[in-house]
Amino acid sequence: MAFRALSRSSGRLSALVAPAQARRHLQVAALENFKFDPIRESEVSRAMTTRYMKDMYDFAETDVIITGAGSAGLSCAYELSKYPDIKVAIIEQSVSPGGGAWLGGQLMSAMVVRKPAHLWLDELGIQYEEHDRYVVVKHAAYFTSTIMSKVLAAPNIKLFNATAVEDLIIKQDRIAGVVTNWSLVTQHHDTQSCMDPNVLESKMLVSACGHDGPMGAFGVKRLQQVGLIKELPGMRCLDMNVAEDAIVELTQEIAPGMIVTGMEVSEALGAPRMGPTFGAMMMSGRKAAALTIEALGLEANAQEPRAAAA
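Predicted model only: the values in this text are computed from it and were never measured.

1. Observations concerning the overall build of the protein
- When you go through the protein residue by residue, the secondary structure sums to 10 helices and 11 strands.
- Of the contacts formed within the protein by residues at least 6 apart in sequence, a portion of 71% connects residues at least 24 apart.
- For the protein, the accessible surface area stands at approximately 17,600 Å², while carbon and sulfur atoms represent 55% of it.

Okay, structure coming up:
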């Protein structure tokens, strides 16, 4: 009896395993016979160049420029992606967008978001571990890759990465765009002869360049140099409870045509740093988007904007 039961059990197991093995062999066979369509190398070059140059042509004059594609800049871009008539160019000096939001504190992977900012994670479809006053996203890269994919899929947004902002366009004391160059060129002006830049005009600039660093806080530093703001008190020492509320509260149009968001707020207005907690970056970026919509003369609540591209 025991032998017959074992035989029946083995038979059922074989019945389950056999189709799985067949599917695997089918998939392997399909890949072994996979062939790419033929192409000339020049076709690749022309396709890549044509699309990129068309983007540069189309976004040479745009509604909004966001400088910096960290967590605040991407959060702002995501909210603006809900308004398809607003054309948005994101300028990011690094090859890889995301700023410091690929990891949590001290190169650890988890991301902490204090409540109630976690409700926005629900909109983005990001899962988390819930605690009394905060949530934990298992990896900061989960947040960054998710929001980046939604932003990049939006037809009204173009990301120009590996591109540095070298200066601002200012007309009659109003920011009217940015002066750009390839990041590698910007980093080697002192080793080469003059390498002139390019320009992008805009109706509004959102400066999300982060705290002080090699290219950090560039927007507000330049404003001080040209006298549009008097002083830069700099980022104060860490106080999470004060810092996150302050960053959101102080997100503002700091000069005509330019909104400051994220950690650049702390450099401009003397807010403390908050360390490894990210809710303020998200909410500051969202507020920057709302201020931008208002500055463009649009009614944010007049109608429900479409969902951002998935």
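2. What to know about the layout of surface pockets
- Estimates place the volume of the largest pocket at around 1,000 Å³.
- Lining the largest pocket are 45 residues, with G99, G100, C209, G210 and H211 positioned closest to its centre.
- Considering every element that reaches the lining of the largest pocket, the biggest residue donor is strand 7 (residues 163-171), with 4 residues.
- In terms of residue class, the lining of the largest pocket is made up of 19 nonpolar, 21 polar and 5 charged.

3. Considerations on helix 10 (residues 279-295)
- The end-to-end C-alpha separation of helix 10 is 24 Å, in line with the 24 Å expected for 17 residues at 1.5 Å each.
- Among the residues making up helix 10, those that are buried are G279, A280, M281, M282, S284, G285, A288, A289, T292 and I293.
- Trailing helix 10 by a residue or two, G297 shows a phi angle of about 80 degrees, which is positive.

4. Topic: the sheet that holds strand 3 (residues 111-114)
- Spatially, 3 strands are ordered 3-5-4 in an open sheet, and the strand pairing comes out antiparallel. The outermost strands of the open sheet, each flanked by one partner alone, are strand 3 and strand 4 (129-130).
- When strand 3 meets strand 5 (residues 134-137), the two strands line up antiparallel, connected through 4 bridges. Each bridged residue has a counterpart across the sheet, and for V112 the counterpart in strand 5 is V136.

5. Examining the pairing of strand 9 (residues 198-207)
- Sheet analysis places strand 1 (residues 61-67) next to strand 9, joined by 6 bridges and oriented parallel. Its bridge partner lying in strand 9, T62 is registered against S202.
- Alignment of strand 8 (residues 174-182) against strand 9, held across 4 bridges, turns out to be antiparallel. Looking at strand 9, one finds that T180 is bridged to N198.
- Two elements, strand 9 and strand 11 (residues 258-260), share 3 bridges in a ladder whose sense is parallel.

6. Brief notes about the pattern of salt bridges
- Applying the stated criterion to the full structure yields 12 salt bridges.
- Among the salt bridges present, the one from D55 reaches R51, with a minimum N-O distance of 3.3 Å. Placement of the pair is D55 and R51 together in helix 2 (residues 41-58), with a separation of 4 residues, close to one helical turn.
- On the accessibility criterion, D55 (7% relative accessible area) is buried.
- A relative accessible area of 57% places R51 in the exposed class.

7. Things to note about the nonpolar core
- Membership of the largest hydrophobic core comes to 38 residues, with the highest contact counts inside it found for I66, L80, I90, M111 and F143.
- Residues in contact with I90, not counting those within four places in the same chain, are I66, G68, A69, A77, V151, I157, K158, L159 and F160.
- In terms of nonpolar packing, the next biggest core, distinct from the first, is built from 30 residues, I175, I229, A255 and M263 among them.

8. Brief notes about unusual backbone geometry
- Going from K115 to P116, the amide bond is cis rather than trans, its omega being 5 degrees.
- Tracing the chain through its elements places P116 in the loop between strand 3 and helix 4 (118-124).
- The backbone of L107 shows a phi angle near 65 degrees, a positive value even though the residue is not glycine.
- Positive phi outside glycine occurs at Q172, with the angle close to 50 degrees.

9. Re the packing of helix 3 (residues 71-80) against helix 10
- Interhelical geometry of helix 3 versus helix 10 gives an angle of 45 degrees and a closest axis separation of 7 Å. By the criterion of interaxial angle, the relationship of helix 3 to helix 10 is oblique. Taken as a pair, helix 3 and helix 10 cross one another with a handedness that is right-handed. Taken together, the residues of helix 10 that come into contact with helix 3 (itself represented by S71, A72, S75, C76, E79 and L80) are M281, M282, G285, R286, A288, A289, T292 and I293.
- Class assignment for the residues of the contact of helix 3 with helix 10 results in 8 nonpolar, 4 polar and 2 charged.

10. Notes on the side chain of T62
- With respect to the helices and strands, T62 occurs in strand 1.
- Beyond its immediate stretch of four places on either side in the chain, T62 contacts K87, V88, A89, E201, S202 and K203.

11. Quick look at the packing of aromatic side chains
- Enumeration over the complete set of coordinates arrives at 5 aromatic pairs.
- Ring centres of Y52 and W182 lie 6.2 Å apart, and the angle between their planes is 40 degrees; this geometry places the pair in the tilted category. Residue Y52 is located in helix 2, and its partner W182 is located in strand 8; the two are separated by 130 residues in the primary sequence.
- What makes W182 partly exposed here is its relative accessible area of 43%.
- Judged by centre distance (5.6 Å) and plane angle (75 degrees), the rings of Y78 and W120 are edge-to-face. Taken as a pair, Y78 in helix 3 and W120 in helix 4 lie far apart in primary sequence, 42 residues in all.
- Since its relative accessible area comes to 4%, Y78 is described here as buried.
- The lysine or arginine in question, K158, covers the ring of F160, its NZ or CZ lying 5.5 Å from the ring centre.

Cut-offs used in this document
Numbers given for residues are sequential positions, taken from 1 along each chain in its written order. Since the coordinates come from a predicted model, pLDDT governs what is reported: local features require at least 70, and pairs of side-chain atoms require 80 or more to be given and counted, while whole-chain, interface and lining totals use all residues. In computing side-chain properties, one takes all heavy atoms of the structure into account and sets aside hydrogens as well as water. Every helix listed is a DSSP run of H or I at least four residues long, and every strand listed is a run of E at least two residues long, numbered separately from the N terminus. In this description, contact between two residues means that some pair of their heavy atoms is separated by no more than 4.5 Å. All accessibility values rest on the Shrake-Rupley procedure with a 1.4 Å probe; residue burial counts only the protein chains present in the view. Only protein atoms enter the calculation, which uses a 1 Å grid: trapped sets of points that fit a 1.4 Å probe without letting it out are cavities, open sets showing protein on both sides within 12 Å along at least five of seven lines are pockets, and any residue with an atom within 4 Å of a point is a lining residue. Grid points are joined across faces, edges and corners, and a volume is the space filled by probe spheres set on the points. Residue type decides the class: Asp, Glu, Lys and Arg count as charged, Ala, Val, Leu, Ile, Met, Phe, Trp, Tyr, Cys and Pro as nonpolar, and the leftover types, Gly among them, as polar. A helix is expected to span 1.5 Å multiplied by its residue count minus one. In this scheme, a residue with accessible area under 20% of its type's maximum is buried, one over 50% is exposed, and one in between is partly exposed, where area comes from a 1.4 Å probe on protein chains only. Here, any two strands with at least 2 DSSP bridges between them count as paired. Definition used for salt bridges: Asp or Glu carboxyl oxygen within 4 Å of a side-chain nitrogen of Lys or Arg. In this description, a nonpolar core means a group of buried Ala, Val, Leu, Ile, Met, Phe, Trp, Tyr and Cys residues linked to one another through side-chain atoms lying within 4.5 Å. The axes used here are C-alpha line fits, helices contributing only the stretch in contact, and every angle between their N-to-C directions lies in the interval 0 to 180 degrees. Orientation is classified from the angle alone, with under 35 degrees giving roughly parallel, over 145 giving roughly antiparallel, 65 to 115 giving roughly perpendicular, and any other angle giving oblique. The crossing is said to be left-handed when, going from far helix to near helix, the turn is anticlockwise and less than a right angle, and right-handed when the turn is clockwise. Centres within 6.5 Å are what make two rings of Phe, Tyr or Trp a pair, Trp counting through its six-membered ring; a difference in plane orientation under 30 degrees is then read as stacked, over 60 as edge-to-face, and the rest as tilted. We call a charge positioned over a ring when the NZ of a Lys or the CZ of an Arg lies within 6 Å of the ring centre and within 35 degrees of the ring normal.

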